[in-house]
Amino acid sequence: MWRHTLPAALVLVFSALHVASASLESRLLDAQNAVRAKLGLKPFTWSAKLAQAAQEWADTLIKEGSFRHRPNSSWGQNLFEVTGGEYLPEQVVAGWAGEAKDYDLASNHCKPERICGHYTQIVWRTTREVGCAVAHGGNREVWVCEYSPPGNYVGMRPY
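Quick caveat, the model's predicted, so the values are computed rather than measured. (Residues numbered from 1 in each chain as written. Predicted model: local features only at pLDDT ≥ 70, side-chain atom pairs only at ≥ 80, totals over all residues. Heavy atoms only, no water.)

What about unusual backbone geometry?
Phase 1: Of note, the amide linkage connecting Ser148 to Pro149 takes the cis form, showing an omega dihedral of -15°.
Phase 2: Here Pro149 shows up in the segment after β7 (140-148).
Phase 3: Even without a glycine there, the phi angle at Asn72 is positive, about 55°.
Phase 4: Within the secondary structure, Asn72 is located in the loop between α3 (48-64) and β3 (76-83).
Phase 5: By relative accessible area, Asn72 is classed as exposed at 83%.
Phase 6: Unlike most non-glycine residues, Asn108 shows phi in positive territory, near 60°.
Phase 7: Relative to the helices and strands, Asn108 is located in the loop between β4 (103-104) and β5 (109-110).
Phase 8: Using a relative accessible area of 16% as the deciding quantity, one classes Asn108 as buried. (Helix = DSSP H or I, 4+ residues; strand = E, 2+ residues; numbered from the N terminus. Buried < 20%, exposed > 50% of the residue type's maximum accessible area, 1.4 Å probe, protein only.)

Written out as structure tokens, the structure is:
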């Protein structure tokens with residue numbers, strides 16, 4: 001789970017950059033597939049079913065004012081929360097993908113005191129489909145991506 005609070009000065013900058021030249025779906029898919037391509041992994045395909053589930057969960061988190069993973073899910077899930085502004089799809093994926101520096105391939109673990117599970121879910125070799133959504137409420141923005149089949153199995157390498 002990623003949480004980020006933006007300084008008030010940046011809110012205007014990010015809002016001004018928020019352009020709808022491409023769909024949210026294609027931007028999220030393209031950004032994640034670019035991460036996978038760097039490792040020679042097959043691209044994800046978009047799943048409307050997973051996107052619908054992601055939207056329902058994002059809406060739930062906004063309504064509840066909470067930030068947690070969906071319990072008892074059969075899918076993998078990445079979450080991202082912004083307070084005080086808006087992010088572009090590419091920024092959300094870059095936040096998750098930036099965890100690559102904290103993944104130690106030799107030991108197949110995150111570096112001590114670091115998080116890397118969002119990155120490893122994106123690059124999990126056997127994951128084929130993704131569906132994502134964003135919900136807004138008050139000064140919060142919650143992004144959810146669902147992955148099938150899920151990754152991040154303990155003891156297994158992502159790629």
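Notes on the pattern of salt bridges
Phase 1: Tallying each qualifying case throughout the model produces six salt bridges.
Phase 2: Arg68 serves as the salt-bridge partner of Glu64, at 2.9 Å between the closest nitrogen and oxygen.
Phase 3: Accessibility expressed as a relative area gives 32% for Arg68, which makes it partly exposed.
Phase 4: With its nearest N and O atoms 3.5 Å apart, the salt bridge here joins Asp102 to Lys101.
Phase 5: Here Asp102 falls in the buried class, since its relative accessible area comes to 7%.
Phase 6: One network of salt bridges, with partners in common, ties together Lys101, Asp102 and Arg114. (Salt bridge = Lys/Arg side-chain N within 4 Å of Asp/Glu carboxyl O.)

A word on the pairing of β7
Phase 1: Burial within β7 is extensive, with nine of its nine residues counted as buried.
Phase 2: Neither face of β7 is left uncovered, since the one carrying Arg140, Val142, Val144, Glu146 and Ser148 and the one carrying Glu141, Trp143, Cys145 and Tyr147 both have all their residues buried.
Phase 3: As defined by bridge partners, β3 adjoins β7 across eight bridges and the pair is classed as antiparallel. When the sheet's bridge partners are listed, Asn78 is paired in β7 with Cys145.
Phase 4: Pairing of strand β6 (residues 129-137) with β7, which is carried by nine bridges, proceeds in the antiparallel orientation. Each residue of the ladder has a partner; that of Ala135, found in β7, is Val142.
Phase 5: Count of turn residues in the β6/β7 antiparallel hairpin: two residues, of which Gly138 carries a positive phi of about 60°. (Pairing = 2+ DSSP bridges.)

So, the state of the cysteines
Phase 1: Enumeration according to the criterion identifies two disulfides in this entry.
Phase 2: Each disulfide pairs two cysteine sulfurs, and for Cys132 the partner residue is Cys145, the sulfurs being separated by 2.0 Å. The sign of the 110° torsion about the S-S bond sets the Cys132-Cys145 disulfide as right-handed. In this pair, Cys132 sits in strand β6 while Cys145 sits in strand β7, placing the two residues 13 residues apart along the sequence. Cys145 carries the same exposure label as Cys132, and that label is buried.
Phase 3: Ordering the disulfide-forming cysteines of the chain by sequence position, one finds them joined as 1-2, 3-4. (Disulfide = S-S within 2.5 Å.)

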